[in-house]
Amino acid sequence: VQLQASGGGLVQAGGSLRLSCATSGRTFSITGMGWFRQAPGKERGFVAGISWSGGSTYYADSVKGRFTISRDNAKNTVSLQMNSLKPEDTAVYYCAASNEWSYITIRRLQAYDYWGQGTKVTVSS
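In what follows, the accompanying structure is described.

Parameters and conventions
- Residues numbered from 1 in each chain as written.
- Predicted model: local features only at pLDDT ≥ 70, side-chain atom pairs only at ≥ 80, totals over all residues.
- Heavy atoms only, no water.
- Core = buried A, V, L, I, M, F, W, Y, C linked by side-chain atoms within 4.5 Å.
- Buried < 20%, exposed > 50% of the residue type's maximum accessible area, 1.4 Å probe, protein only.
- Helix = DSSP H or I, 4+ residues; strand = E, 2+ residues; numbered from the N terminus.
- Contact = heavy atoms within 4.5 Å.
- Disulfide = S-S within 2.5 Å.
- Pairing = 2+ DSSP bridges.
- Axes fitted to C-alpha atoms, helices over the stretch in contact; angles between N-to-C directions.

Notes on the nonpolar core
Move 1: Among the nonpolar cores identified, the biggest contains 37 residues, and Met33, Trp35, Leu80, Met82 and Tyr93 are the most heavily contacted of them.
Move 2: Mapped by element, the contributors of at least two residues to this core are β1 (2–6), β3 (17–24), β4 (32–38), β5 (45–51), β7 (67–72), β8 (77–82), β9 (91–98) and β11 (119–124).
Move 3: If one sorts the elements of this core by residue count, β9 sits on top with five residues.
Move 4: Once residues within four sequence positions are removed from consideration, Tyr93 is found in contact with Leu19, Trp35, Phe36, Arg37, Val47, Phe67, Leu80, Met82, Gly118, Thr119 and Val121.

Here it is, written out as C-alpha cells:
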C-alpha cells in the first residue's frame, strides 16, 4: 500500500485547508485510515480517523468541530477538511492506513501499517 499526502501550505489563522491522501496498491487490506500531525519538537499525535467504509469517524478533542475527515470510495482517497485553523495547528500532517483498524486502537501510532510522506501546514497568526 502506498499513500500520497497533499494539500498542505501556508494559511492565516481562521482560514481553511483541505488535505488529501491518495491510496494505491493492495488497498483491499485496509480497514481504516487516520491523520496524524507532528509539530517541531513534539511527538506525532492523532488528529482524526475513519473506517474504510467511511461509516465511523473519530477526532482528537483539539480539532473536534473544526476538522472533518472523509473518504471518497471511488477515488480511494481520504481527505481532511480543516477550518478555523489556529497557529497551534501548524505541523507536518501524515496520513496512515491500518490493516486492523478499530475504535480501540485508532489513536495509536502502532496500529497503522502504512504511512504517507507528510505534508506541511503552517498557520500564521
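That was the structure; now back to the text.
What to know about the state of the cysteines
Move 1: Tallying each qualifying case throughout the model produces one disulfide.
Move 2: Across the disulfide, Cys21 is cross-linked to Cys95 (sulfur-sulfur distance 2.1 Å). The sign of the 60 degrees torsion about the S-S bond sets the Cys21-Cys95 disulfide as right-handed. Taken as a pair, Cys21 in strand β3 and Cys95 in strand β9 lie far apart in primary sequence, 74 residues in all.

Side note on the pairing of β7
Move 1: What you see with β7 is a clean split: Phe67, Ile69 and Arg71 sit on the buried side and Thr68, Ser70 and Asp72 on the side with no burial.
Move 2: Direction of pairing for β7 relative to β8: antiparallel, over a ladder of six bridges. Its bridge partner being in β8, Arg71 is matched across the sheet by Val78.
Move 3: Counted between consecutive antiparallel strands, the loop separating β7 from β8 contains four residues, among which Asn76 sits at a positive phi close to 55 degrees.

Section: the sheet that holds β3
Move 1: Pairing within the open sheet is antiparallel, and its four strands lie in the order β1-β3-β8-β7. Every other strand in the sheet has two partners, leaving β1 and β7 as the edge strands with one partner each. With direction set aside, neighbouring strand axes in the sheet form an average angle of 15 degrees.

Nothing here speaks to function; it is all geometry.
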